[in-house]
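Each chain, letter by letter, is given below.
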Amino acid sequence: MIPVTKPYFPSREKLDKYIDGIYERQWLTNNGVLVQELTRRLEEYLGVENLLLVSNGTLALQIAYRALGVSGAGPGERPEAITTPFTFIATASSLKWDGIEPVFVDIDPETWCLAPGNIEAAITPNTRAIVPVHVFGNACDVEAIDSIAKKHDLKVIYDGCHAFGVKYKGESLLKHGDAATLSFHATKLFHTAEGGAIIFKRKEDLERAKKMINFGITGPETIEEIGINAKLNEFQAAMGLCVLDEIEQIVRDRQCVTEIYDSCLGDKVQKQRIQTGISYNHAYYPIALKDENQLITVMSSLRDCGVLARRYFYPSLESVTCLDAGYSDCPESRKLAERIVCLPIYSELRTEELINIAEKVLEACE
Ligand SMILES: *Cc1c(COP(=O)(O)O)cnc(C)c1O
């Protein structure tokens with residue numbers, strides 16, 4: 001079977017060296033040396049400051065909401081955040097989990113990211129934040145979103161879980177917003193098995209979040225506020241340090257996969273329009289087919305030859321009833337979600353396999 005993605009496994013020897021160190025120091029968690037080292041190296045690699053490692057990408061979002069004062073409702077308050085329906089469930093469910101109502105606003109049919117032009121109509125007196133997603137690593141229209149946020153005094157938390165290493169106008173895309181979050185889940189471009197990070201614009205928000213991820217404990221006998229446990233541990237950091245050494249090769253491998261697919265598929269399938277001025281990370285290879293029927297034909301024809309393509313992201317989240325987001329019609333997202341599929345992308349895929357996958361897609365499209 002060819003899966004849609006495969007976690008990257010770094011050299012066992014290298015990982016063992018880090019694990020030897022963990023055994024020598026007898027230090028497993030609570031801001032250990034490897035967590036500190038990974039924090040520094042990620043800040044350097046990404047070109048950012050104020051990075052906080054946390055235990056996963058979902059908690060990264062939740063801690064960011066808390067640290068920025070988006071969640072935490074007083075009596076009678078019903079905080080809302082404007083977000084995109086075309087994303088992984090965690091973007092919206094983390095809001096709901098934290099007592100913030102997700103308000104879905106439709107996407108741009110070309111870039112597949114939240115359309116800034118739709119945001120202002122959805123702002124109410126309860127709106128506290130905008131939570132856009134750099135979906136598949138494409139950059140949101142950060143200038144437009146940031147200026148709407150400024151005008152209405154809203155916080156911006158970018159779900160940057162797909163945007164590891166993406167540069168925009170020569171700088172990290174993750175510098176935009178009051179915070180941007182990352183997921184280091186096993187299937188993501190860069191991973192620590194499970195893990196995540198928050199990049200804060202301001203140092204004081206980073207400091208508040210640091211306390212929050214360790215139960216609000218600030219000293220041996222002091223608890224300043226209610227926190228949670230969202231720490232990354234030394235084994236996870238060891239994995240991250242090994243994967244980070246290989247990240248440039250991982251991106252290059254995926255770029256090769258992309259180029260082969262591109263040359264076989266040409267303009268016979270619709271692709272995401274990547275914003276100008278970004279360096280793309282090739283984390284995913286999504287294609288949009290003509291309609292859902294064609295998508296089902298493509299997926300079953302791939303499955304017949306042992307290839308598992310996946311529907312990212314389906315269904316469009318405004319239709320997920322447990323989110324209870326009220327009525328918010330998002331036709332562009334709904335239509336896109338019906339016809340989009342991600343093709344396999346990871347380092348070990350061979351050229352013949354990729355050509356074969358692309359041929360199957362084209363056959364099924366006829
Ligand atoms: C993976 C992902 C998350 C959740 O990250 P976890 O580390 O799995 O908790 C959130 N948002 C998006 C867009 C994701 O792709």
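Computed from a predicted structure; not experimentally measured.

## Some remarks on the overall build of the chain
Broken down by element type, the chain carries ten helices and 14 strands. Scaling as 2.2 N^0.38, a compact globule of 366 residues should have a C-alpha radius of gyration of about 21 Å, and the chain matches this with 21 Å. Along the first, second and third principal axes, the C-alpha set of the chain runs to 70 × 55 × 35 Å. Here the analysis covers contacts within the chain between residues at least 6 apart in sequence; of these, 71% occur between residues at least 24 apart. When the accessible surface of the chain is totalled, it reaches about 16400 Å², and 51% of it is carbon and sulfur. Side-chain charges in the chain split into 39 positive and 52 negative, and the spacing between the mean points of these groups amounts to 1 Å.

## A look at the site of the ligand
In the vicinity of the ligand, 14 residues are found, and the nearest of them are G57, T58, H162, S183 and K188. Here a nitrogen atom of the ligand and a side-chain polar atom of D159 are 2.8 Å apart. K188 places a side-chain nitrogen or oxygen 2.8 Å from an oxygen atom of the ligand. Starting from 390 Å² of accessible surface for the ligand in isolation, the protein chains cover 91%. Here the ligand is seated within the largest pocket. Broken down by secondary-structure element, the contributors of at least two residues to the shell around the ligand are α3 (57-67) and α4 (89-97).

## Details of the packing of aromatic side chains
All told, the structure shown has 13 aromatic pairs when counted by the stated rule. Each ring, one from Y45 and one from F164, has its centre 5.8 Å from the other, and the planes form 15°; the classification is stacked. Placement of the pair is Y45 in helix α2 (residues 33-46) and F164 in the loop between β5 (155-159) and β6 (167-168), with a sequence separation of 119 residues. For F164, a relative accessible area of 5% corresponds to the buried category.

## Re the domain arrangement of the chain
Splitting the chain by domain gives domain 1 (12-245) and domain 2 (247-365). On the domain 2 side, the residues contacting the 40 residues of domain 1 number 39 residues. Looking only at domain 1, the three residues that lose the most surface to domain 2 are W112, F136 and L189, adding up to 23% of its buried area. Applying the counting criterion to the domain 1 and domain 2 interface returns one salt bridge. At the boundary of domain 1 and domain 2, one finds 17 residue pairs in polar contact (both at pLDDT 80 or more). Those elements giving two or more residues to the side of domain 1 that touches domain 2 turn out to be α4, β3 (101-104), β6 and α7 (234-265). Counting residues per element, the side of domain 1 that touches domain 2 draws most heavily on α4, at four residues. Classifying every residue of the side of domain 1 that touches domain 2 by side-chain character gives 24 nonpolar, seven polar and nine charged.

## Describing the pattern of salt bridges
All told, the structure shown has 22 salt bridges when counted by the stated rule. In this structure, R202 and D205 form a salt bridge, with 3.2 Å as the shortest nitrogen-oxygen distance. A relative accessible area of 27% means that R202 is categorised as partly exposed. With its nearest N and O atoms 3.2 Å apart, the salt bridge here joins R350 to E353. With a relative accessible area of 46%, R350 lands in the partly exposed category. Salt bridges sharing partners connect three or more residues here, namely K14, R41, D245 and E246.

## Comments concerning the packing of helix α1 (residues 12-25) against α2
Between α1 and α2, whose axes approach to 10 Å, the crossing angle comes to 135°. One element, α1, and the other, α2, form an angle in the oblique class. Contacts between α1 and α2 involve Y18, I22 and R25 on the former and, on the latter, V33, L34, E37 and R41. Counted by class, the contact of α1 with α2 contains four nonpolar, no polar and three charged residues.

## A look at the sheet that holds β6
Reading across the sheet, the three strands line up as β7-β6-β12 and stay open at both edges, with antiparallel pairing between neighbours. Lying at the two open borders of the sheet, with one neighbouring strand each, are β7 (171-172) and β12 (278-279). The pairing of β6 with β12 spans two bridges and is classified as antiparallel. Looking at β12, one finds that Y168 is bridged to I278.

Scoring rules and cut-offs
- Residues numbered from 1 in each chain as written.
- Predicted model: local features only at pLDDT ≥ 70, side-chain atom pairs only at ≥ 80, totals over all residues.
- Heavy atoms only, no water.
- Helix = DSSP H or I, 4+ residues; strand = E, 2+ residues; numbered from the N terminus.
- Rg over C-alpha atoms; globule rule 2.2 N^0.38 Å.
- Contact = heavy atoms within 4.5 Å.
- Areas by Shrake-Rupley, 256 points an atom, 1.4 Å probe, with all protein chains shown as cover.
- Lys, Arg positive; Asp, Glu negative; His and termini not counted.
- Charge placed at Lys NZ, Arg CZ, Asp CG, Glu CD.
- Near = heavy atom within 4 Å.
- Polar contact = N/O pair within 3.5 Å; in protein donor to acceptor, adjacent residues only side chain to side chain.
- 1 Å grid on protein atoms, 1.4 Å probe; cavity = no way out; pocket = protein on both sides within 12 Å on 5 of 7 lines; lining within 4 Å.
- Sits in = over half its atoms within 2 Å of the grid points.
- Phe/Tyr/Trp six-rings, centres within 6.5 Å; stacked < 30°, edge-to-face > 60°.
- Buried < 20%, exposed > 50% of the residue type's maximum accessible area, 1.4 Å probe, protein only.
- Domains from an automatic or database assignment.
- Buried area = accessible area lost by both parts, 1.4 Å probe.
- Salt bridge = Lys/Arg side-chain N within 4 Å of Asp/Glu carboxyl O.
- Nonpolar A, V, L, I, M, F, W, Y, C, P; charged D, E, K, R; others polar.
- Axes fitted to C-alpha atoms, helices over the stretch in contact; angles between N-to-C directions.
- Parallel < 35°, antiparallel > 145°, perpendicular 65-115°, else oblique.
- Pairing = 2+ DSSP bridges.

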